[in-house]
Amino acid sequence: MTLTCNSVFFRKIVFLIFIAQSLLPLPTFSKDKSLSSLFEKPFLSSIPALFVAPSKEYAPTVDHFTLHPERPSFLIPFKLNKFQYTYQLQENLEAPVLVIIPGMGGVSTNQSTLFLSEIAFKAGYSVITMTSSTHWSFALAISSSGRTGHLPDDSKDMYLALKTIKSKLESQFQIRPSKWGLMGTSYGGLDGSFLMMQDLQQKLFQFDFIVLMNTPLNRTLAISKIDSFYSTGQHWSPGQKKYMELKFLHRASLVRKHNLPLKTVEDLEMAFLMEETEISWLLSDSFREVVLNSAFIGNRLENRETISPEDAFHGNILNYLREDLYKKNHHAQSIDDLKNLERQSNFTYALSKNNFEILNTKKIILFHSTNDYLSFPEGNYALNELSPKIEKYIYPFGGHLGILNNEFVIKDLYSVLIKQRN
């Protein structure tokens, strides 16, 4: 049976790619009174993250490979069995290397990821950007099981992928990095934290530090929130949902053409005249599509007759992980088994499992927003419970990753990178 990318896949992913790549970057906001006024609108204040982009002159090399050449490409002719990464190397072969991992569904060439890559490169790092463990290409080209979602397992596969990249760069360019560091945005912070945990055992990279940006403090909570946001649209008709998508695209198009310049927060509110519930549904729908596409790969590798990604599972994401991953692959039988496995993919688990070694030999720097819709307000307790040895930069604005468009946050980030480089 020949398979092609379904319309839902294109509708959601192209929707975000269009926003992230086609539009001109938003003007950088100042950290002033008007910005703080968006605290009560976490979804609206997250939108600027979709507009950040590197300079036109910054063009890292894009490469790809597969660890499983025996697997066919299930989405031929559009999607191949390849895992993508980029690199930009300093002339100094001993320059430190920073590995950057994007958030849920992100690829190495996401504009926001390359934006951070350029900042790191200017700070003196050679930079590698990777593709998220949640992206379907990771399930197909990298994952040993093809059924992704359990971070202790996914990190073993991602570690092997990074070892492959390291070997290729050392062979081709003879790099001899003075140190290695990690940076992760959103879910990429979880990927990075578990990579560091893997490295404590294998010790190939000896990661010196990790920078976490809006990493979910509790993954199970974040997934439950996404499921909840998505459920708000269960009574909306397909026409209503399509209208919201088109409305967002239309507004973004106006911004692109400079008919709606965004110089203040008030401009942002006027540019996207949408309810928070509408934006939250759009964002949660895009998250859900990411999981559907990875689940589709897992189904096909298990020879399950899944016709298209949109049919990969039904119900919410949390139930999918429990039924198709934890019960089948990890033999969970009780609710306690399920909760224990879910806990093992939390940020705090990566820290607590090797608490002494990580906190005393590694540097952990956390950037977060207290109106991040994936972690707060519930995350206040978790944030306060984190070790004082973790360096924290906490802002009362930005929603989920909206801080990437704030000049003061970027200055803080640049200073952190300079400090960790030396």
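Residues numbered from 1 in each chain as written. Predicted model: local features only at pLDDT ≥ 70, side-chain atom pairs only at ≥ 80, totals over all residues. Heavy atoms only, no water.

Asks: What am I meant to see in the sheet that holds strand β8 (residues 391-395) here?
Replies: What links the strands of a sheet is backbone hydrogen bonding, and the strands pair in either a parallel or an antiparallel sense. Across the sheet, 8 strands lie side by side as β1-β2-β4-β3-β5-β6-β7-β8; this open sheet has mixed pairing. Two strands in the sheet have a free side with no partner beyond their single neighbour: β1 (61-65) and β8. Here the strands of the sheet are splayed against their neighbours by 15° on average, with no regard to which way each runs. Where strand β6 (residues 209-213) lies against strand β7 (residues 363-369), 5 bridges are found, and the strand directions are parallel. When the sheet's bridge partners are listed, F209 is paired in β7 with K363. Lying over the sheet, helix α3 (residues 111-122) contacts β2 (83-88), β3 (97-101), β4 (126-129), β5 (180-185) and β6, oriented at roughly 165° with respect to β4. Its contacts with the sheet place helix α6 (residues 187-202) against β3, β5 and β6, and it is angled at close to 150° to β5. (Pairing = 2+ DSSP bridges. Helix = DSSP H or I, 4+ residues; strand = E, 2+ residues; numbered from the N terminus. Axes fitted to C-alpha atoms, helices over the stretch in contact; angles between N-to-C directions. Contact = heavy atoms within 4.5 Å.)

Asks: Can you help me understand the environment of E57 in this one?
Replies: With respect to the helices and strands, E57 occurs in the loop between α2 (33-36) and β1. Each C-alpha atom, one on E57 and one on E118, is 9.9 Å from the other, the two residues being 61 residues apart in sequence.

Asks: Explanation requested: the pairing of β4 in the structure shown.
Replies: What you see with β4 is no split at all: S126 and I128 on one side and V127 and T129 on the other are buried throughout. By the bridge criterion, 3 bridges tie β2 to β4 in an arrangement that is antiparallel. Residue T86 lies in a different strand from β4, and its bridge partner there is T129. In this sheet, β4 lies alongside β3 in parallel orientation, the contact comprising 4 bridges. (Buried < 20%, exposed > 50% of the residue type's maximum accessible area, 1.4 Å probe, protein only.)

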